[in-house]
Amino acid sequence: MRTALILLRKDLRLELRTMETVPAMILFALVTFVIFHFGLNRATIDGQLAAGVLTATLLFAAMLGINRLFVAEREQGGFDAFLLAPVDRSAMLLAKAAALFLFLAALEVIAVPAFGLFLLGPSLGPPLPGLIAVLALADLGLAVIGTLVSGIAVQTRARDLIGPMMGLPLLIPALIATARGAGPLLRTVHASSAPPGKWLAILALYDLVFALLAYAVFDFLLED
Amino acid sequence: MPSTTYGKGLRGLSLATLAIIALALALVFFYAPLDADQGFVQKIFYIHVPLAIVSLCGFIFGAVLAAGYLRTGERKWDMRSYVAIHMALIFGIGGLITGSIWAKASWGHWWVWNEPTLVSFLIVLLLFATYQPLRFSIEDPERQSRYASVFAIVAGAFVPLNFIAVRLAQEFVHPRVLTLGGGNLPGSMRLTFLISLVGIALLYVTLWKYEMAAKNARSQVRRLRRTLLGDDNIRPAGRSAAPS
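Computed from a predicted model, the values in this text were never measured in an experiment. (Residues numbered from 1 in each chain as written. Chains lettered and ligands numbered in written order. Predicted model: local features only at pLDDT ≥ 70, side-chain atom pairs only at ≥ 80, totals over all residues.)

Participant: Go over the interface of chain B and chain A, please, and point to the residues and values.
Facilitator: Tallying the contact residues gives 23 residues for chain B and 23 residues for chain A. Of all the elements in the fold, those that place two or more residues in the side of chain B that touches chain A are helix H4 (116–128), helix H5 (131–136) and helix H6 (141–168) of chain B. The dominant element in the side of chain B that touches chain A, judged by the number of residues it contributes, is H6(B), at 13 residues. Residues belonging to the side of chain B that touches chain A are distributed by class as follows: 18 nonpolar, 3 polar and 2 charged. (Contact = placed C-beta atoms within 7 Å. Helix = DSSP H or I, 4+ residues; strand = E, 2+ residues; numbered from the N terminus. Nonpolar A, V, L, I, M, F, W, Y, C, P; charged D, E, K, R; others polar.)

As structure tokens, then:
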């Protein structure tokens, strides 16, 4: 646990000093909103369409972070140093997933209000608590699966290609649950105040299963 | 190298496969009744559904074999897992194409989004399509086996999860023909279907064994050539997605 915290602090410090990942993700998300505005030719969107646009944008922005997650480790010999240290290897999974989760949270702090400002028809205030619950669970799934996929992809030659190719299909069920959970919150009329429990439960279950799975197999990605 | 001979019993197995598939085809065309509202085209069901089921089982079989590799570290498990997944992919593509033909004939569209089984199947296939590129882009053979095995296990576990999630996403679901409770096929159709399923499953096992035997023989020949001719006179193996 202590190891994971140290690794997490290292990753956050690295990000704060270089500003390599999160600003890129935010800019990417903003540009994607503009593209959706022109692509859909709509000034405002609501309901399931809005939920889909938001989910897809966040997913693709997350892919940028996922691709970069282990790059410093690989290029600067972080893996070797970590393997030399007599520590539990699962700490790496925990630290990287936590870092990715925080990156995603930082992205959403900017991107969701921007979405409310640019594209969303109904006001963002009332659905916000429900949206936060859905997005928190979605971020958990993105963080776990993203770390696993990134850990596999970083050792390949075509890592920028392998990561999204493998990650996107694995994330589809989480994506379905996120979009369908957020849809009813963003309606202009008859908006529900709480996200459907069914989708929250599916999302939580999906996160749990993949967290256990990642915990079980991650050690094999680190031994050399 | 223990001389595991995958060729053992292969002749008998091939003949049995051939006999069962011939029997299944005979039943499909001469015994099973014509479907009341779909007519003749419904008969593709006896090929399409077994192909899809065998392909999904093949993916899970590959995941189990991959777990064997991670547990033992022996290359032969990775080879088995590779062949299982690669065969399942071929069967899966066959299932997707026959499914599309059936959809066109009975629903009028090549592709329908409100059929959860079809959509889940496509997602699983898209995921497993990454398996070969992943292997191909890792050069170190030992690492290639390890990473491919981790991927195979994750993707194998994904198969049932994905089916549940996609099923839940549909508000409107077609009637289930095959359920755990026995389904609602008339007896003659069910018999034909079960025999087709056994035939396709046997075909999968036979092809798996053929490919294992071929890969095994190739690596043995290579080893013999190396001992007889010396390392310098053998061309180095080209980079490949297949384990060597």
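From this point on, the discussion continues.
Participant: Go over the environment of A:Val112, please, and point to the residues and values.
Facilitator: Residue and element names in this part refer to chain A. As for its placement among the helices and strands, valine 112 is situated in helix H6 (residues 90–118). Here valine 112 falls in the partly exposed class, since 19 other C-beta atoms lie within 10 Å of it. On a C-alpha basis, the gap between valine 112 and leucine 131 in space is 9.4 Å, while along the polypeptide they are 19 residues apart. (Buried ≥ 20, exposed ≤ 12 C-beta atoms within 10 Å, placed from the backbone.)

Participant: Outline the environment of B:Trp208, listing residues and values.
Facilitator: All names here are of chain B. When you line up the elements, tryptophan 208 lands in helix H7 (residues 187–229). What makes tryptophan 208 partly exposed here is the crowd of 19 C-beta atoms within 10 Å. For the pair formed by tryptophan 208 and leucine 25, sequence separation is 183 residues and the distance between their alpha carbons is 22 Å. Not counting residues up to four positions away in its chain, the partners in contact with tryptophan 208 are Val83, Ala84 and Met87.

Participant: Before we move on, could you go through the confidence of the model for chain B and cite the residues and values that matter?
Facilitator: In low-pLDDT segments, the atomic positions of the prediction should not be examined closely. All names here are of chain B. The share of residues in chain B with pLDDT of 70 or more is 90%, and the mean pLDDT across the chain is 83. When pLDDT is averaged over each helix and strand of chain B, the minimum, 87, is found for helix H1 (residues 10–31) and the maximum, 91, for helix H2 (residues 45–72). Predicted complex, confidence summary: ipTM 0.87, pTM 0.87. (pLDDT = per-residue confidence, 0-100.)

Participant: Describe in detail the nonpolar core, supporting the description with residues and values.
Facilitator: Counting 128 residues, the largest nonpolar core has A:Val144, A:Ile152 and B:Phe151 as the members making the most contacts within it. Here this core takes 15 residues from H2(B), the largest share from any one element. If near-sequence neighbours (up to four positions away) are discounted, B:Phe151 is found in contact with A:Ile152, B:Tyr131 and B:Leu134. (Core = buried A, V, L, I, M, F, W, Y, C linked by C-beta atoms within 7 Å.)

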